[in-house]
Structures are given as C-alpha cells and as structure tokens.
Amino acid sequence: MSDKLSISYHTAKRILLELLENNDFSTDEDIMKILGSVVQKETNDASNDKEKISRIVIDKEGRIFLPEYSSVEVKMPYLPKTVFIFFLIHEEGLEFKSMYNYVQELYEIYQIVALEKNTEAGKIRRSLENLVEPVNNRIYEICSIIRRTLSVVVPASLMEVYCITGKRGEKHRIPVERVFVDVKNEKLREMFVTKNVMK
C-alpha cells in the first residue's frame, strides 16, 4: 500500500496504545514479528550498554577467571596459559621473534601453571624452544587457542581487549589495562611487580 495516512505522531501513538490495550494481537503473525523485533533490539541495546571490562583474576593455584563474565575457570592447556600470562606480564608487548630471549621466564611461568602435573623439565624446555623458534608458526597456533578459549566467556565486541594482538613482524600485546589484572599467586605476582606492570 503506497498511500500513507497523514496523521500526527501524538495521534498515531494514542491510536496505537488504544489498539494494544483493547485488542489481542497475539494471533497476528505480522504484528507479533514487529513487536518481537522491537523487543529484541531493546534487549540487545541494553546488553551492549552493560558490556564492561572484566577483571582477569589469576588465583593462588594459577587458574584464570574473568569473574564479571563467568564464575567458571577459563581453562587453557598449559602452554597457551603460559603464553597468555607472559603477555599479561609484558604490558608493553614484544615481537614474537624476540621471544627466544625469554625462554627462562616462560619456563618459570609454565612450572607455576603446571605445578600439579610435575612435567619433566626437559620436555617443557623442548616445548618452549619450539614455541619461540622464529621459523615456525607455533606461537600463532597458541594465540588462536587462547582466542578460542576466551571467546567462550568474553563478549565478541571486547575480544581484542583480552587477546594477544599485533601485526606480523611488529610488537604483540594484550591491550587490557593492568588495573584489571588481579594476581593472587605469589610467584606470578612477583613477576608482575618486577616488570612494573602492577601497582
């Protein structure tokens, strides 16, 4: 229908309210679709308004939580968890190709997060040396695992805040402000303090 009735907004609103108040439109599919889409839009807008940065809590056992999004632990395999914590410690970021300079620090983090498994030291070293080898793509695979794991709890619009981001050949970092990082594990906390990323 191309011809539209020309009435004022207030008149149209009064008519609509009277119709909604005095009639049952629940059987009219067209009207229910329109009302449903309006409600959905309002819900989405409200949800977007409520999206906020969650703290990253690393507890005494080295477990990771984002409590404002979920009470469930963000479980990662030991190597991705090691890399995630390593980049949280290095707020300024660094190039992947320079990670070989930090094998000892990565090893220390790995020992903390994998403490209960008591993994053989030589095996950990080999795994880390493979990770920092500049000619392979292992670090990118690990970053993908971290991203997939975080995507379960982090809102899509905030993923870049929590993930390791950066262009190939340039510095990579986790952008979240370190005021949102709460470390309960003493050894990890010492590493954060040493790097001057926590107050």
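Just so it is clear, the structure is predicted and the values come from calculations on it, not from any experiment. (Residues numbered from 1 in each chain as written. Predicted model: local features only at pLDDT ≥ 70, side-chain atom pairs only at ≥ 80, totals over all residues. Heavy atoms only, no water.)

Enquirer: Got a minute to help me understand the packing of helix α3 (residues 78-89) against helix α6 (residues 138-150) in this structure?
Expert: Packed helices, taken two at a time, are described by the angle between their axes plus the distance between the axes. Two elements in contact, α3 and α6, have axes whose closest approach is 9 Å; the angle formed by their N-to-C orientations is 90°. Considering their axes alone, α3 and α6 lie roughly perpendicular with respect to each other. Only Arg 138, Ile 139, Ile 142, Ile 145, Ile 146 and Leu 150 of α6 make contact with α3, whose side of the interface consists of Leu 79, Pro 80, Val 83 and Phe 84. Taken together, the residues of the contact of α3 with α6 break down into nine nonpolar, no polar and one charged. (Axes fitted to C-alpha atoms, helices over the stretch in contact; angles between N-to-C directions. Helix = DSSP H or I, 4+ residues; strand = E, 2+ residues; numbered from the N terminus. Parallel < 35°, antiparallel > 145°, perpendicular 65-115°, else oblique. Contact = heavy atoms within 4.5 Å. Nonpolar A, V, L, I, M, F, W, Y, C, P; charged D, E, K, R; others polar.)

Enquirer: Teacher, can you tell me more about the nonpolar core here?
Expert: Across soluble globular proteins, nonpolar side chains have a tendency to be buried as a group. Ranked by size, the top nonpolar core spans 47 residues in total, and within it Met 99, Leu 131 and Leu 150 carry the most contacts. A total of eight residues in this core trace back to one element, the largest contributor, which is α3. Look past the residues within four positions of Leu 131 in its chain and what remains in contact with it is Leu 79, Val 83, Met 99, Leu 106, Asn 136, Arg 138, Ile 139 and Ile 142. (Core = buried A, V, L, I, M, F, W, Y, C linked by side-chain atoms within 4.5 Å. Buried < 20%, exposed > 50% of the residue type's maximum accessible area, 1.4 Å probe, protein only.)

Enquirer: Sorry if this is basic, but what is going on with the environment of Glu 141 here?
Expert: Among the secondary structure elements, Glu 141 is positioned in helix α6. Separated by 10 residues in sequence, Glu 141 and Leu 131 have C-alpha atoms that sit 9.5 Å apart.

Enquirer: Mind showing me how you'd approach the packing of aromatic side chains here?
Expert: Two aromatic rings are characterised by how far apart their centres lie and by the angle between their planes. If you walk through the whole model with that rule in mind, you get six aromatic pairs. An angle of 85° between the planes, with centres 5.2 Å apart, marks the rings of Phe 96 and Tyr 140 as edge-to-face. Pair noted here: Phe 96 is in the loop between β3 (94-95) and α4 (103-113) and Tyr 140 is in helix α6, with a separation of 44 residues, a long-range link. Taking the relative accessible area as the measure of exposure, Phe 96 reaches 9% and is therefore buried. We classify Tyr 140 as partly exposed; its relative accessible area is 25%. The structure contains a cluster of three or more aromatic residues connected by ring pairs, namely Phe 86, Phe 87, Phe 96, Tyr 102 and Tyr 140. (Phe/Tyr/Trp six-rings, centres within 6.5 Å; stacked < 30°, edge-to-face > 60°.)

Enquirer: Sorry if this is basic, but what is going on with a nonpolar patch on the surface here?
Expert: There is a patch of nonpolar side chains on the surface, built from Ile 7, Ile 15 and Leu 19 and spanning about 230 Å² of accessible area. Mapped onto the fold, Leu 19 is located in helix α1 (residues 9-22). When its relative accessible area of 38% is taken as the criterion, Leu 19 is described as partly exposed. (Patch = residues over 30% accessible without salt bridge, like charges linked within 9 Å, V, L, I, M, F, W, Y side chains within 5 Å. Areas by Shrake-Rupley, 256 points an atom, 1.4 Å probe, with all protein chains shown as cover. Salt bridge = Lys/Arg side-chain N within 4 Å of Asp/Glu carboxyl O.)

Enquirer: Would you take a moment to explain the state of the cysteines for this structure?
Expert: As used here, a disulfide is simply a covalent bond connecting the sulfur atoms of two cysteines. Applying the stated rule across the entire model yields zero disulfides. Of the cysteine sulfurs around Cys 143, a residue in no disulfide, the closest is that of Cys 163, at 8.7 Å. Looking at Cys 163, the relative accessible area reads 2%, which means it is buried. (Disulfide = S-S within 2.5 Å.)

Honestly, that's just the spatial picture; any functional story needs more than this.
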